[in-house]
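The lines below spell out each chain.
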Amino acid sequence: MTTQEFLGKENYTVTSQTVSESCPSNIALIKYWGKYADQIPANPSISYTLNHCKTNTILEFLADQPFSVQTFLSGNEEVKFEEKIEKYFKNIEQYLPWILRGRYIIKTENTFPHSSGIASSASGFGAIAKCLMALDELFSGKGSEEESLGKASFLARLGSGSACRSLYNGLVVWGSSDVVEGSSDLFAVRYPDEDIHAIFKDFNDWVLLIHEGQKSVSSTVGHGLMNTNPYAERRFQEARENFIPMKEILKNGDMERFITLVEHEALTLHAMMMMSDPAFILMKTGTLEVINKIWDFRKETGLPLFFTLDAGANVHLLFPNNGAEEKIKTFIESELLPHTQKNGVVKDVMKF
Ligand code: PMV
């Protein structure tokens, strides 16, 4: 879908409506870090959509009232979020001409803890974009489900880039890549099911909550610092190149190469932060301790436990359900959990 196609709308009948939608979070394997104007990613990325960590959103639209947005997170009003959503709605008026013609009450809750390093912006904007598409269909007539998801992904991207990947389950690509057919900078697409080995279709993501406080540098600022990072161009090129081995790995089920590539991507993301000016480090002591313990465990047992990191200190522990998972789970509980702040771990799966 191009921007032009998105705009192809007819007449609207705008009425008061309440819609509710839910959307999961996602965790990237090849990372998006750095962007251009209008939320165009500097390189393509691929992520797993989680099964359980979701945002559930009820959006009440009161037609023909002055435009305003009220948001509640778990029953508490969130003023900071209101300003962000108002700005977002104004920004997407060019795609949804009715959007400023009413008042919004948005009630949202996450099925996972706040500040857990699980991207609530991804699930949150994903859920809001789905609500907006539900309203758009009520006002203008229903389109196909596929078209509607594509449009929701397009809209979610304009809220928070990585959110556009949350609209689909399984493995999802955002950003134009020569090796992924149909991929686009404007919205995400599902990675073709037939090109994914069974081993990658039943995976765990256990998130160790190493540090539960506010991040010292936001993603927005982090992306911005790539503009002056002398290594940025090489990094963007590497991410594009990494899709070539990733495609082979996903097809033939090569777990060893998968582990090497995914951990390299996570460490590169954090290396970019350290190479920024000003430099910043989001990993904590516990992050490094856990990484070293994972490497020792793999060396000793040969079992496929590995990690990825988001823009934060928490560690996403990845491992397949292929027979060795009980041993891995026991190791995590006894050896890695002590490195968390409050024995915090969020257990999710990616099964599709
Ligand atoms: O979507 P944003 O702006 O919150 O950026 C997310 C960037 C990473 O989570 C670090 C990587 C990614 O691809 O999700």
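Because the structure is a prediction, the values reported are computed rather than measured.

S.K.: How would you explain the packing of aromatic side chains if you had to name every residue and give the values?
M.R.: Summed over all chains, the structure comprises 22 aromatic pairs. Here F67 and F89 contribute two aromatic rings whose centre-to-centre distance is 6.5 Å and whose plane-to-plane angle is 40 degrees, an arrangement assigned as tilted. Of this pair, F67 sits in the loop between β4 (45–63) and β5 (68–73) while F89 sits in helix α2 (residues 79–91), and the two are 22 residues apart along the sequence. A relative accessible area of 0% places F89 in the buried class.

S.K.: How would you explain the site of the ligand if you had to name every residue and give the values?
M.R.: Near the ligand lie 13 residues; those nearest to it are Y32, S162, R165, H223 and D310. H223 is positioned with one of its side-chain polar atoms (N or O) 3.0 Å from an oxygen atom of the ligand. Contact between the ligand and D310: an oxygen atom at 2.6 Å from a side-chain N or O atom of the residue. Protein chains bury 91% of the 380 Å² of accessible surface belonging to the ligand in isolation. Among the residues making up the shell around the ligand, the classes are represented as 5 nonpolar, 5 polar and 3 charged. No fewer than three residues from each of domain 1 (3–193) and domain 2 (198–351) sit in the shell around the ligand.

S.K.: Please set out the sheet that holds strand β12 (residues 315–320) residue by residue, giving values where relevant.
M.R.: Strand-to-strand pairing in sheets goes through backbone hydrogen bonds, with the strands running parallel or antiparallel. Here we have 4 strands laid out as an open sheet, ordered β11-β12-β10-β13, and antiparallel in their pairing. This sheet does not close on itself; its edge strands, each paired only once, are β11 (306–309) and β13 (345–351). Direction aside, the axes of adjacent strands within the sheet are offset by 25 degrees on average. Pairing of β11 with β12, which is carried by 4 bridges, proceeds in the antiparallel orientation. Residue pairing for β12: F306 is matched across the bridge by L318. Lying on the sheet, helix α7 (residues 255–274) is in contact with β10 (202–208), β11 and β12; it crosses β11 at an angle near 30 degrees. Where helix α8 (residues 285–301) meets the sheet, it contacts β10, β11 and β12, and its direction lies at approximately 155 degrees from that of β11.

Rules and cut-offs
Residues numbered from 1 in each chain as written. Predicted model: local features only at pLDDT ≥ 70, side-chain atom pairs only at ≥ 80, totals over all residues. Heavy atoms only, no water. Phe/Tyr/Trp six-rings, centres within 6.5 Å; stacked < 30°, edge-to-face > 60°. Helix = DSSP H or I, 4+ residues; strand = E, 2+ residues; numbered from the N terminus. Buried < 20%, exposed > 50% of the residue type's maximum accessible area, 1.4 Å probe, protein only. Near = heavy atom within 4 Å. Polar contact = N/O pair within 3.5 Å; in protein donor to acceptor, adjacent residues only side chain to side chain. Areas by Shrake-Rupley, 256 points an atom, 1.4 Å probe, with all protein chains shown as cover. Nonpolar A, V, L, I, M, F, W, Y, C, P; charged D, E, K, R; others polar. Domains from an automatic or database assignment. Pairing = 2+ DSSP bridges. Axes fitted to C-alpha atoms, helices over the stretch in contact; angles between N-to-C directions. Contact = heavy atoms within 4.5 Å.

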